[in-house]
Structures are given as C-alpha cells and as structure tokens.
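Breakdown of the fold
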Amino acid sequence: MKLVPLADRVVLKQLEAEEKTKSGIILTSSAQEKPQEAEVIAVGPGGVVDGKEVKMEVKKGQKVIYSKYSGTEVKLDEEKYIIVKQSDILAVVE
C-alpha cells in the first residue's frame, strides 16, 4: 500500500529522536523531544488550492523542517507518517 497525497499535501516520515544529549546522557522515550525534521516520502501535484495557484517546491527524498503542531499522523503498514500542507514546511535541509 502507498500514500498518494492530493493538492498541496506532502507525506513526511519523521526522523528518529535523539537518544543521547550532546554531553552523553541517555534519554528515556518520554523525555525525548519529538523531532521537527523529516524526509519527504511523496508530494502532491499542486494546482489551484483555495483559488490560488500552488507550485510544489519540495521533492521526494529531501529532508525538511516542518511546523511543530502541524499535519495529521497516520499509520500504514506499521510505519508512521505525517501528512502536511506544503505551507507547513518551514525549510529544506541541505
């Protein structure tokens, strides 16, 4: 099964949370902060959304930073994904 986003939506796979601090302290899963960095898995076609032309600027495989409380989390084939609008993506990590 695969996710195919519509309009200006983007499917992201969240990157793993840090398990250790820079000083070497190991964090429990409840103490780990949810990362805002993810990999783009699929990109919608863009088009006209709410009367405005939307051009998709991200591509599959790119690493991005997205808004902390944005998107919808979904689980498919035991994998967790986040579906966000392209406008919720803040930056591309190069």
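Look up a bit, the structure's there.
**Focus on the sheet that holds strand S2 (residues 37-43)**
If you walk across this open sheet you meet the six strands as S6-S7-S1-S2-S5-S8, and the pairing is antiparallel. Both outer strands of the open sheet, strand S6 (72-76) and strand S8 (89-93), are each paired with one neighbouring strand and no more. With direction set aside, neighbouring strand axes in the sheet form an average angle of 40°. In this sheet, strand S5 (residues 63-66) lies alongside S2 in antiparallel orientation, the contact comprising three bridges.

**Looking at the nonpolar core**
Counting 13 residues, the largest nonpolar core has Val10, Leu12, Val40, Val58, Val64, Val84 and Ile89 as its most contacted members. Secondary structure elements with two or more residues in this core: strand S1 (9-14), S2, S5 and strand S7 (79-85). Not counting residues up to four positions away in its chain, the partners in contact with Val84 are Asp8, Arg9, Val10, Leu12, Ser70, Gly71 and Ile89.

**Observations concerning the pairing of S5**
Only one face of S5 is buried, namely the one carrying Val64 and Tyr66, since none of Lys63 and Ile65 on the opposite face is buried. Relative to S8, S5 runs antiparallel, the two sharing four bridges. Its bridge partner lying in S8, Val64 is registered against Val92.

**Here we look at the pattern of salt bridges**
Working definition: two side chains of opposite charge can pair if their charged atoms are close together. Using the criterion set out here, one finds three salt bridges in the structure. For Asp8, the salt bridge identified is with Arg9, shortest N-O distance 3.1 Å. The partly exposed category is assigned to Arg9, whose relative accessible area is 32%.

**Points about the side chain of Asp8**
Within the secondary structure layout, Asp8 lies in the segment before S1. Judged by its relative accessible area of 7%, Asp8 falls in the buried class. A distance of 3.1 Å separates a polar atom in the side chain of Asp8 from a polar atom in the side chain of Arg9. The contacts of Asp8, once residues within four sequence positions are left out, are Val49, Val54, Met56, Val84, Lys85 and Gln86.

Cut-offs and rules
Residues numbered from 1 in each chain as written. Predicted model: local features only at pLDDT ≥ 70, side-chain atom pairs only at ≥ 80, totals over all residues. Heavy atoms only, no water. Pairing = 2+ DSSP bridges. Helix = DSSP H or I, 4+ residues; strand = E, 2+ residues; numbered from the N terminus. Axes fitted to C-alpha atoms, helices over the stretch in contact; angles between N-to-C directions. Core = buried A, V, L, I, M, F, W, Y, C linked by side-chain atoms within 4.5 Å. Buried < 20%, exposed > 50% of the residue type's maximum accessible area, 1.4 Å probe, protein only. Contact = heavy atoms within 4.5 Å. Salt bridge = Lys/Arg side-chain N within 4 Å of Asp/Glu carboxyl O. Polar contact = N/O pair within 3.5 Å; in protein donor to acceptor, adjacent residues only side chain to side chain.

These values are about where atoms sit, not about what they do.
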